[in-house]
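Take a look at the letters that make up each chain.
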Amino acid sequence: MKRLFWVGVGVAVGVTATRKVNELTQKATPAGIGTSLGEGLRELGAGLGAFGAEVRAGMNERAEELYAMVEDTTEIPVRPEPPTSARHARAPRRGASHAR
């Protein structure tokens with residue numbers, strides 16, 4: 001019975017070791033390196049996007065505080081006009097006035 005137990009343990013260790021070696025060799029191939037690099041760049045992009053969103057939110061919050069402070073101090077409305085729908089309109093291309 002002891003021998004059967006140790007044979008089972010040896011098989012389990014052998015299978016686990018084989019899988020780990022195969023995984024490492026796959027990561028060492030150009031395709032594996034490319035996959036790892038792609039995943040890292042995706043994570044970096046997501047982190048930068050989240051950081052940018054936090055910075056924009058902080059800037060907007062601070063701008064509101066400053067507008068409120070100036071309006072309270074001077075009693076003059078200084079907030080900019082809200083953007084119109086033309087904001088998303090496409091600007092004409094440089095040199096587009098020439099008829100082709």
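Preceding this paragraph is the structure being described.
Residues numbered from 1 in each chain as written. Predicted model: local features only at pLDDT ≥ 70, side-chain atom pairs only at ≥ 80, totals over all residues. Heavy atoms only, no water.

A. Molecular detail of the overall build of the protein. Looking only at helices and strands, one finds 2 helices and 0 strands in the protein. Sorting the 100 residues of the protein into buried and exposed places 3% on the buried side. For the protein, the exposed surface amounts to about 9500 Å²; the carbon and sulfur share of it is 63%. (Helix = DSSP H or I, 4+ residues; strand = E, 2+ residues; numbered from the N terminus. Buried < 20%, exposed > 50% of the residue type's maximum accessible area, 1.4 Å probe, protein only. Areas by Shrake-Rupley, 256 points an atom, 1.4 Å probe, with all protein chains shown as cover.)

B. Representation of the packing of aromatic side chains. Counted by the stated rule, this structure contains 1 aromatic pair. Arranged with centres 5.0 Å apart and planes meeting at 75°, the rings of F5 and W6 form a pair that is edge-to-face. (Phe/Tyr/Trp six-rings, centres within 6.5 Å; stacked < 30°, edge-to-face > 60°.)

C. Representation of a nonpolar patch on the surface within the structure. Where nonpolar side chains cluster on the molecular surface, the patch consists of L66, M69, V70, I76 and V78 and spans about 390 Å² of accessible area. By the element assignment, M69 lies in helix α2 (residues 30-74). (Patch = residues over 30% accessible without salt bridge, like charges linked within 9 Å, V, L, I, M, F, W, Y side chains within 5 Å. Salt bridge = Lys/Arg side-chain N within 4 Å of Asp/Glu carboxyl O.)

D. Highlighting unusual backbone geometry. Even without a glycine there, the phi angle at E75 is positive, about 60°. With respect to the helices and strands, the residue E75 is situated in the segment after α2. E75 gets classed as exposed once you look at its relative accessible area, which sits at 69%.

E. Focus on the pattern of salt bridges. According to the stated counting rule, one finds 4 salt bridges in the structure shown. The closest approach of N and O atoms between E23 and K27, which form a salt bridge, is 3.8 Å. A residue pair is termed a helical-turn pair when its members lie 3 or 4 positions apart in one helix, as E23 and K27 do in helix α1 (residues 2-28) at 4 residues. The residue R79 makes a salt bridge to E71 at a minimum N-O spacing of 3.3 Å. R79 gets classed as partly exposed once you look at its relative accessible area, which sits at 38%.

F. Summary view of the side chain of E71. Its location among the elements puts E71 in helix α2. Setting aside residues up to four positions removed in sequence, E71 forms contacts with I76, P77, V78 and R79. (Contact = heavy atoms within 4.5 Å.)

G. Layout of α2. Between its terminal C-alpha atoms α2 stretches 65 Å, which fits the 66 Å expected from 45 residues at 1.5 Å a residue. Among the residues of α2, those classed as buried are G32, G52 and E71. (Expected span 1.5 Å × (residues − 1).)

H. The packing of α1 against α2, seen in detail. It is at 4 Å that the axes of α1 and α2 come closest, and there the two elements cross at 80°. In terms of orientation, α1 and α2 fall into the roughly perpendicular class. Where α1 approaches α2, its residues Q26, K27 and A28 are matched on the opposing element by P30, G32 and I33. Grouping the constituent residues of the contact of α1 with α2 by class yields 3 nonpolar, 2 polar and 1 charged. (Axes fitted to C-alpha atoms, helices over the stretch in contact; angles between N-to-C directions. Parallel < 35°, antiparallel > 145°, perpendicular 65-115°, else oblique. Nonpolar A, V, L, I, M, F, W, Y, C, P; charged D, E, K, R; others polar.)

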